[in-house]
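# A look at the structure
Spelled out, the chains give:
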Amino acid sequence: MGCRERAVKSELLRIVVIEDACVPDPRGTLPGRGAYVHPVPVCLDQAVRRRAFPRALRVPGPLDVKALRLYVEQAQGC
């Protein structure tokens, strides 16, 4: 979603919406519609800037991405 590059599903991070917040779903088991993004801060920032999450997840309004950003930063060791 962020960089719009294709990748193997195992290289991407699934994201779902829970109570107006984007949360990471690394195991891919949470219910609901999912969207995929590379688990790197640059790709995440591009998706947020383009407002891609509400559109891809089909929810109205802005979404909180704090938990998602924290997960990506910890995974990258930032």
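Rules used in this analysis
- Residues numbered from 1 in each chain as written.
- Predicted model: local features only at pLDDT ≥ 70, side-chain atom pairs only at ≥ 80, totals over all residues.
- Heavy atoms only, no water.
- Helix = DSSP H or I, 4+ residues; strand = E, 2+ residues; numbered from the N terminus.
- Rg over C-alpha atoms; globule rule 2.2 N^0.38 Å.
- Buried < 20%, exposed > 50% of the residue type's maximum accessible area, 1.4 Å probe, protein only.
- Contact = heavy atoms within 4.5 Å.
- Areas by Shrake-Rupley, 256 points an atom, 1.4 Å probe, with all protein chains shown as cover.
- Lys, Arg positive; Asp, Glu negative; His and termini not counted.
- Charge placed at Lys NZ, Arg CZ, Asp CG, Glu CD.
- Pairing = 2+ DSSP bridges.
- Axes fitted to C-alpha atoms, helices over the stretch in contact; angles between N-to-C directions.
- pLDDT = per-residue confidence, 0-100.

## A closer look at the overall build of the protein chain
A count of helical and extended segments in the protein chain gives three helices and three strands. Sequence-ordered secondary structure for the protein chain, helices as α and strands as β, is β-β-β-α-α-α. A compact globule built from 78 residues should have a C-alpha radius of gyration of about 12 Å, and the protein chain, at 11 Å, falls within 12% of that. Its C-alpha atoms give the protein chain principal-axis dimensions of about 30 × 25 × 25 Å. Of all 78 residues assigned to the protein chain, the portion counted as buried reaches 29%. If you take every contact in the protein chain between residues at least 6 apart in sequence, the share linking residues at least 24 apart comes to 58%. Counting only carbon and sulfur atoms, one obtains 52% of the accessible surface of the protein chain, whose full area is about 5300 Å². Positive and negative side-chain charges of the protein chain, numbering 13 and 8 respectively, have mean locations separated by a distance of 7 Å.

## Digging into the sheet that holds strand S3 (residues 35-37)
In spatial order, the strands read S2-S1-S3; together these three strands make up an open sheet with antiparallel pairing. Strands with a single pairing partner mark the edges of an open sheet, and in this sheet they are strand S2 (22-24) and S3. With direction set aside, neighbouring strand axes in the sheet form an average angle of 40°.

## Focus: the environment of Pro54
Structurally, Pro54 can be placed in helix H2 (residues 52-57). In this structure the C-alpha to C-alpha distance between Pro54 and Val72, which are 18 residues apart in sequence, comes to 19 Å. Each residue touching Pro54, except ones within four places of it in the same chain, is listed here: Val59, Gly61 and Leu63.

## Some remarks on the confidence of the model for the protein chain
Predicted coordinates in areas of low pLDDT are best not read in detail. With 99% of its residues at a pLDDT of at least 70, the protein chain reaches an overall mean of 92. Across the protein chain, the secondary-structure element scoring lowest on mean pLDDT is helix H3 (residues 66-76), at 92, and the one scoring highest is strand S1 (residues 13-17), at 96.

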